[in-house]
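The primary structure of each chain is shown beneath.
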Amino acid sequence: MNDSLQPLANRRTFLKQAAGLSAFFIVPRHVLGGRGFLAPSDQITVGFIGVGKQSGGLRNQFLKNDARVLAACDVNQTKLNAFKEAVNAHYAKQTDKATYDGCLTFGDFRELLGRKDIDAVVIATPDHWHAAMAVRAAEAGKDIYCEKPLSLTVAEGRAMVKAARKNKRVFQTGSMQRSWAEFRKAVELVRNGYIGEVKTVKINVGGPPRPWDLAAEPMPEGLNWPAWLGPNTVERPFNSQLSPSLTDTFWAQWRAINEFGGGGMTDWGAHMFDIAQWGLDMDNSGPVELTPPTDNSGKGLTYRYANGITMVHEPVEGKQFCQFIGTEGEVKVARGELTTTPASLKDKTIGEGEKRVYFSDNHYKDFLDAIRSRKNPICDVEVGHRTATVCNIGNIAYELKRPLRWNPDKEKFEGDAEANQRLSRPMRKEWKV
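Residues numbered from 1 in each chain as written. Predicted model: local features only at pLDDT ≥ 70, side-chain atom pairs only at ≥ 80, totals over all residues. Heavy atoms only, no water.

What follows deals with the overall build of the protein chain. Along its length, the protein chain carries 14 helices and 15 strands. Computed over C-alpha atoms, the radius of gyration of the protein chain comes to 22 Å, within 12% of the 22 Å expected from 2.2 N^0.38 for 433 residues, which places it in the range of a compact globule. C-alpha atoms of the protein chain, sized along the principal axes, occupy 65 × 55 × 40 Å. Of all 433 residues assigned to the protein chain, the portion counted as buried reaches 55%. Across the protein chain, the fraction of contacts at a sequence separation of at least 24, relative to all contacts at a separation of at least 6, is 71%. As displayed, the protein chain offers around 18,800 Å² of accessible surface, 49% of which is attributable to carbon and sulfur atoms. (Helix = DSSP H or I, 4+ residues; strand = E, 2+ residues; numbered from the N terminus. Rg over C-alpha atoms; globule rule 2.2 N^0.38 Å. Buried < 20%, exposed > 50% of the residue type's maximum accessible area, 1.4 Å probe, protein only. Contact = heavy atoms within 4.5 Å. Areas by Shrake-Rupley, 256 points an atom, 1.4 Å probe, with all protein chains shown as cover.)

Here it is in structure tokens:
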């Protein structure tokens with residue numbers, strides 16, 4: 001299943017050989033690609049780790065923004081082949097060639113990380129793999145784009161931050177709502193006091209994950225299931241809900257199982273709690289108290305910040321949203337929707353002299369630009385870690401069904417050893433971070 005590693009070459013040599021695009025080096029760029037065209041030697045080279053359903057949109061975005069997709073890795077050979085064919089078809093069309101065969105494939109992500117001609121990796125695997133892969137990618141000198149939620153546990157998220165900082169890596173979390181206009185506008189309205197003093201934030205996303213309850217199913221051909229399970233210490237049989245085929249129309253449900261994900265709390269929660277943290281200017285901190293419901297409803301968890309602001313997770317039917325409630329008005333934001341009280345706030349123009357947040361209108365280009373500048377992108381690893389922490393400690397509170405005090409500086413619960421045990425998880429020795 002693994003391709004053997006080719007001898008490492010410098011980037012220019014590799015790209016000439018692998019892409020068959022030596023003509024790029026001898027003809028004017030505008031002839032080949034129009035204004036703004038980037039030659040392969042100027043492009044940031046990217047390898048994808050995890051090529052399931054989510055990877056299709058990511059692949060298209062990185063190709064659209066002039067990254068050079070050189071390699072892909074997955075434990076499912078069928079999905080890997082399909083991803084490779086899509087990349088090759090893109091470059092064949094771009095260069096008016098009948099065929100192109102420059103996208104390398106690997107079954108072990110460590111082989112992809114060993115390629116010196118790859119600048120950055122896109123990690124789009126299930127959550128239980130994120131930390132093990134991201135830490136090793138940082139150690140291999142790769143810049144990293146990792147899908148949200150950043151980590152399965154608080155300890156794994158902090159390990160990702162430490163690895164990125166130690167190795168001076170650019171790290172973008174895939175919380176792309178920060179690069180969307182309606183969310184930026186909502187945050188700037190809140191930060192500039194247009195709803196007065198914020199008192200409460202309401203978050204409408206799903207609840208916690210459930211315990212394992214899936215039956216064993218026949219293993220599909222070409223899937224390395226032990227590698228899919230990876231860091232997990234508990235063996236589980238294959239079930240298509242966890243790893244759908246290319247012909248299945250549903251999204252994989254591994255995040256609904258507590259051994260692989262954090263349920264709706266981390267799925268949509270990683271988006272909407274992220275906007276709450278952004279609006280409250282808490283990107284480097286978090287809440288200090290959590291009060292869960294005493295039943296099993298998965299609804300009604302209340303967070304409290306040190307400044308007295310409360311944040312309530314109480315999902316209702318309908319679209320996921322984040323709602324800021326202040327002494328003089330409200331701002332409610334969802335994908336494609338911004339509603340305000342008073343209604344006129346929606347059309348308020350934030351002046352240049354007012355508080356402005358980081359501007360990005362393209363999450364993928366922002367990452368690539370940060371690689372070139374070596375500055376933090378809009379959703380740096382610390383930001384992604386802090387948002388994932390809000391989600392993960394919420395799940396712990398739901399599980400234990402008792403109030404918890406959280407220290408966001410020490411990233412520990414105060415006076416609760418049982419809760420602190422849940423800040424990490426057992427991992428196979430090979431994959432510990």
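Moving on, we come to the side chain of Glu188. Locating Glu188 in the fold gives a position in helix α8 (residues 181-191). Taking the relative accessible area as the measure of exposure, Glu188 reaches 5% and is therefore buried. Non-local contacts of Glu188, meaning those with residues more than four positions away in its chain, are made with Ile350, Lys355, Arg356 and Val357.

With that settled, the discussion passes to the domain arrangement of the protein chain. Each domain of the protein chain was delimited in the assignment, giving domain 1 (44-173) and domain 2 (176-209 + 261-422). Centre-to-centre separation of domain 1 and domain 2, based on C-alpha positions: 27 Å. Counting residues at the interface gives 30 residues for domain 1 and 34 residues for domain 2. By the criterion of area lost to domain 2, the three top residues of domain 1 are Ile44, Val154 and Gln172, representing 22% of everything that side buries. Across the contact surface, domain 1 and domain 2 share five salt bridges. Applying the counting criterion to the domain 1 and domain 2 interface returns 14 residue pairs in polar contact (both at pLDDT 80 or more). (Domains from an automatic or database assignment. Buried area = accessible area lost by both parts, 1.4 Å probe. Salt bridge = Lys/Arg side-chain N within 4 Å of Asp/Glu carboxyl O. Polar contact = N/O pair within 3.5 Å; in protein donor to acceptor, adjacent residues only side chain to side chain.)

In this section: the UniProt feature "domain: Gfo/Idh/MocA-like oxidoreductase bacterial type C-terminal" (unreviewed entry) in the protein chain. Within the UniProt annotation, "domain: Gfo/Idh/MocA-like oxidoreductase bacterial type C-terminal" (unreviewed entry) is assigned to residues 214-432. With 26% helix and 15% strand, residues 214-432 has end C-alpha atoms that lie 26 Å from one another. (UniProt positions renumbered as here; feature names shortened; annotations may be inferred.)

The next thing to look at is the packing of aromatic side chains. Counted according to the given criterion, the structure contains 18 aromatic pairs. Measuring from ring centre to ring centre gives 5.7 Å for Phe109 and Trp129, while their planes differ by 75 degrees; the resulting arrangement is edge-to-face. With a gap of 20 residues between them, Phe109 in helix α5 (residues 109-113) and Trp129 in the loop between β4 (120-123) and α6 (130-139) connect regions that are remote in the sequence. For Phe109, a relative accessible area of 4% corresponds to the buried category. Among the aromatic residues, those joined into a cluster by ring pairs are Phe48, Phe62, Phe83, Tyr145, Tyr364 and Phe367. Sitting over the ring of Tyr91, Arg68 keeps its end group 3.8 Å from the ring centre. Over the ring of Phe321 we find Lys332; its NZ or CZ atom is 4.2 Å from the centre of that ring. (Phe/Tyr/Trp six-rings, centres within 6.5 Å; stacked < 30°, edge-to-face > 60°. Lys NZ or Arg CZ within 6 Å of the ring centre and 35° of its normal.)

Below, the discussion takes up the packing of helix α11 (residues 269-279) against helix α13 (residues 381-400). Remark: α11 packs on α13, axes separated minimally by 9 Å, with the N-to-C direction vectors making an angle of 110 degrees. The angle between the axes of α11 and α13 places the two elements in the roughly perpendicular class. Relative to α13, the crossing made by α11 is right-handed. In this structure, α11 uses Gly269, Ala270, Phe273, Asp274 and Gln277 to contact α13, whose residues at the interface are Val383, Arg386, Thr387, Val390 and Cys391. (Axes fitted to C-alpha atoms, helices over the stretch in contact; angles between N-to-C directions. Parallel < 35°, antiparallel > 145°, perpendicular 65-115°, else oblique. Left-handed = near helix turned anticlockwise from the far one by under 90°.)

On to the UniProt feature "domain: Gfo/Idh/MocA-like oxidoreductase N-terminal" (unreviewed entry) in the protein chain, then. In the UniProt entry, the feature "domain: Gfo/Idh/MocA-like oxidoreductase N-terminal" (unreviewed entry) is given for residues 44-174. Summarising residues 44-174: 44% helix, 19% strand, and an end-to-end C-alpha distance of 18 Å.

Going residue by residue along strand β13 (residues 337-341), you find Leu338 and Thr340 tucked away on one face and Glu337, Thr339 and Thr341 left uncovered on the opposite face. Two strands pair when backbone bridges link them, and strand β12 (residues 330-334) and β13 are joined in this way by five bridges, in the antiparallel orientation. Looking across to β13, one finds that Lys332 is bridged to Thr339. Counting the residues that bridge the hairpin from β12 to β13 gives two residues, and of these Gly336 lies at a positive phi of roughly 80 degrees. (Pairing = 2+ DSSP bridges.)

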